[in-house]
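Architecture and fold: a report
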Amino acid sequence: MRELQNNGKRNYGAENQLSMIWTNLSFRLTDLGLDTLAKKCDIKGRHWADPEQFDSDFLENADVKLETMERTALLILQQLKR
């Protein structure tokens, strides 16, 4: 995103890599039974693969902002420590 903001050009290689990372994470979370977070990661991966795939209303309702996902992951980790 920073590269796009700085020079106005998309980095498709980086976007592809981000898509793969989020998608692979969604698979691992599904294997662990963390389906809600896995679904958010899946949406994030699919969005990086094709930003036009989802409209802004869907993304807002899916709540896939990094802050939200980080907070969810930290809550899960806290629960696992108990």
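Look up: the structure comes first, before these words.
First, a word on what this report is: a plain description of the structure on this page.

Let us now look at the packing of helix H3 (residues 35-49) against helix H5 (residues 66-81). In the contact formed by H3 and H5, the axes pass within 11 Å of each other and the chain directions differ by 155°. By the angle between their directions, the pair H3 and H5 is classed as roughly antiparallel. Like other packed secondary-structure pairs, H3 and H5 cross with a definite hand, here left-handed. Packed against H3, whose contacting residues are Leu 37, Lys 40, Cys 41 and Lys 44, the element H5 presents Leu 66, Met 69, Thr 72, Ala 73 and Ile 76 at the interface. Here the contact of H3 with H5 is built from residues that sort into 6 nonpolar, 1 polar and 2 charged.

Our focus in this paragraph is the pattern of salt bridges. Scanning the entire structure with this criterion turns up 5 salt bridges. Asp 42 serves as the salt-bridge partner of Lys 39, at 4.0 Å between the closest nitrogen and oxygen. Taken as a pair, Lys 39 and Asp 42 lie in helix H3 at a separation of 3 residues, close to a single helical turn. Lys 39 sits in the partly exposed class, given a relative accessible area of 45%. Asp 63 is the partner of Lys 65 in a salt bridge, and the nearest nitrogen-oxygen pair spans 3.1 Å. For Lys 65, a relative accessible area of 38% puts it in the partly exposed group. Members of the salt-bridge network, linked through shared partners, are Lys 39, Asp 42 and Arg 46.

Criteria and cut-off values
- Residues numbered from 1 in each chain as written.
- Predicted model: local features only at pLDDT ≥ 70, side-chain atom pairs only at ≥ 80, totals over all residues.
- Heavy atoms only, no water.
- Axes fitted to C-alpha atoms, helices over the stretch in contact; angles between N-to-C directions.
- Helix = DSSP H or I, 4+ residues; strand = E, 2+ residues; numbered from the N terminus.
- Parallel < 35°, antiparallel > 145°, perpendicular 65-115°, else oblique.
- Left-handed = near helix turned anticlockwise from the far one by under 90°.
- Contact = heavy atoms within 4.5 Å.
- Nonpolar A, V, L, I, M, F, W, Y, C, P; charged D, E, K, R; others polar.
- Salt bridge = Lys/Arg side-chain N within 4 Å of Asp/Glu carboxyl O.
- Buried < 20%, exposed > 50% of the residue type's maximum accessible area, 1.4 Å probe, protein only.

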